[in-house]
Amino acid sequence: MKGDRVEIVIDAGGEGSRTYEVTATRAGRRVEIATRRGVVEVSEVTRTGTAVRTARFMSSRVLALVEYPIADESPADGEGPDLTRG
């Protein structure tokens, strides 16, 4: 879903850590994560399953992998529809 994003923090050796971000940039796209043979793959994928962009990292270097799904965000207090019945 547009707006979904994944933040990847990796160990960059002597430089400390680096942060990368992969975001679903258009409607209908999503971000998928796969771990295979010591490699973490984060891909922006279309509705049909075609990868548009892919970022690959060695799993031994990944410090954190944080997912921010747009659908899980709730509206702030007082905003949005009132779902209570009177």
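This is a predicted model, so every value here is computed, not measured. (Residues numbered from 1 in each chain as written. Predicted model: local features only at pLDDT ≥ 70, side-chain atom pairs only at ≥ 80, totals over all residues. Heavy atoms only, no water.)

## Structural notes on the sheet that holds strand S3 (residues 30-36)
Working step 1: The strand order across the open sheet formed by three strands is S3-S4-S5, and the pairing between neighbours is antiparallel. The open sheet has two free edges, formed respectively by S3 and strand S5 (51-58), since each of these has just one partner strand. On average, each strand axis in the sheet is tilted by 20° relative to the strand beside it, whichever way the strands run.
Working step 2: Direction of pairing for S3 relative to strand S4 (residues 39-45): antiparallel, over a ladder of seven bridges. Directly across from Arg-36, in S4, lies its bridge partner Val-39. (Pairing = 2+ DSSP bridges. Helix = DSSP H or I, 4+ residues; strand = E, 2+ residues; numbered from the N terminus. Axes fitted to C-alpha atoms, helices over the stretch in contact; angles between N-to-C directions.)

## A word on the side chain of Glu-41
Working step 1: Locating Glu-41 in the fold gives a position in strand S4.
Working step 2: A polar atom in the side chain of Glu-41 sits 3.2 Å from the side chain of Arg-36.
Working step 3: Excluding residues that lie within four positions of it along the chain, Glu-41 makes contacts with Glu-32, Ile-33, Ala-34, Arg-36, Thr-54, Ala-55 and Arg-56. (Polar contact = N/O pair within 3.5 Å; in protein donor to acceptor, adjacent residues only side chain to side chain. Contact = heavy atoms within 4.5 Å.)

## So, unusual backbone geometry
Working step 1: One non-glycine residue, Arg-37, adopts positive backbone phi at about 45°.
Working step 2: Along the chain, Arg-37 turns up in the loop between S3 and S4.
Working step 3: Judged by relative accessible area, Arg-37 falls into the exposed class, the value being 88%. (Buried < 20%, exposed > 50% of the residue type's maximum accessible area, 1.4 Å probe, protein only.)

## Structural notes on the pairing of strand S1 (residues 5-11)
Working step 1: S1 sits mainly inside the fold: five of its seven residues count as buried.
Working step 2: Taken together, the seven bridges between S1 and strand S2 (residues 17-23) define a ladder with antiparallel strand orientation. What sits directly across from Glu-7, in S2, is Glu-21.
Working step 3: Following S1, the chain reverses through five residues before pairing antiparallel with S2; Gly-13 in that reversal takes a positive phi of roughly 80°.
Working step 4: Pairing between S1 and strand S6 (residues 62-68): six bridges, direction antiparallel. By the bridge assignment for S6, Val-6 is matched with Glu-67.

## Quick word on the confidence of the model for the protein chain
Working step 1: Considering every residue of the protein chain, the mean pLDDT works out to 82; 80% of them sit at 70 or more.
Working step 2: Confidence scores differ between elements of the protein chain, with S2 showing the lowest mean pLDDT of 90 and S4 the highest of 93. (pLDDT = per-residue confidence, 0-100.)

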